[in-house]
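Summary of the model geometry
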Amino acid sequence: MLSVVEANLDDLELFFNLANDKSVRENSFNSEKISFDEHILWFKNSLNNKHRILYKILKDKKFIGQIRLDILEKDTYLISISLHKEFRSKGYAFLALEQIIKERNFYNFKAQIKKENVKSIALFKKLGFEYVGDVDYIKKGEDG
Ligand SMILES: CC(C)(COP(=O)(O)OP(=O)(O)OC[C@H]1O[C@@H](n2cnc3c(N)ncnc32)[C@H](O)[C@@H]1OP(=O)(O)O)[C@@H](O)C(=O)NCCC(=O)NCCS
């Protein structure tokens, strides 16, 4: 069973290991390696940040990936996702994102994806996102 659950402080190391996965760093806009000290600061700040929600993706209770939501402006979330390598291309990213988007279907979502990240572009297009220029993809909420 696949579930998407809000993260807490106990997940600090799980998120650290995933963030430093080679392809996760390559596909991020900041591709530098992350130190553990830097991560502790970032993770704690993220959990306390009212404009950010971190989710863990669990497959049969095992941590397989994360989703991040950042409120950009009223009604719009920036959304991003990463999965551990061995759990990719099984449809899990699609299902996890679909669940989060459905829960907030009146919101607009924006994803920023590097041009060479063809997998991620295909994933977000399958979820209904449209390319709006530069590295930006948008899915409008049901209202707007
Ligand atoms: C991008 C990422 C989240 C995709 O996760 P995933 O679980 O592999 O994706 P899914 O299996 O749910 O696939 C959904 C769609 O994505 C695309 N996709 C997935 N794997 C693909 C592959 N190997 N080749 C081409 N397209 C692929 C397809 O459109 C697929 O739909 P389909 O199966 O109907 O063809 C994952 O590869 C990842 O964590 N990458 C590293 C971090 C990253 O790039 N994050 C996104 C930053 S914007």
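Residues numbered from 1 in each chain as written. Predicted model: local features only at pLDDT ≥ 70, side-chain atom pairs only at ≥ 80, totals over all residues.

**A look at the site of the ligand**
Among the 22 residues in the neighbourhood of the ligand, the closest are listed as Asn 27, Ala 93, Phe 94, Ala 122 and Leu 123. When residues of the shell around the ligand are traced back to their parent elements, those giving at least two are α2 (22-26), β4 (76-83), α4 (92-103) and α5 (118-126). With 5 residues, α5 is the single largest residue contributor to the shell around the ligand. (Near = placed C-beta within 6 Å. Helix = DSSP H or I, 4+ residues; strand = E, 2+ residues; numbered from the N terminus.)

**Observations concerning unusual backbone geometry**
For Asp 75, which is not a glycine, the phi torsion comes out positive at approximately 70°. Of note, Asp 75 is situated in the loop between β3 (62-73) and β4. C-beta crowding within 10 Å serves as the criterion here: with 14 such atoms nearby, Asp 75 is assigned to the partly exposed category. The phi dihedral of Asp 134 is positive, around 55°, even though this residue is not glycine. Mapped onto the secondary structure, Asp 134 falls in the loop between β6 (130-133) and β7 (136-139). On the basis of neighbour count, Asp 134 is assigned to the exposed category, with 8 C-beta atoms found within 10 Å. (Buried ≥ 20, exposed ≤ 12 C-beta atoms within 10 Å, placed from the backbone.)

**So, the pairing of β3**
Regular strands place side chains that alternate from one sheet face to the opposite one. As defined by bridge partners, strand β2 (residues 52-59) adjoins β3 across 8 bridges and the pair is classed as antiparallel. Opposite Leu 54, over in β3, you have Arg 68 as the bridge partner. Counted along the chain from β2 to the antiparallel partner β3, the turn is 2 residues long, and its residue Asp 60 has a positive phi close to 45°. In this structure, β3 lies alongside β4, joined through 8 bridges in antiparallel fashion. The residue bridging Ile 71 from the neighbouring strand is Tyr 77, located in β4. The hairpin turn running from β3 into β4, its antiparallel successor, is 2 residues long, and Asp 75 in that turn takes a positive phi close to 70°. (Pairing = 2+ DSSP bridges.)

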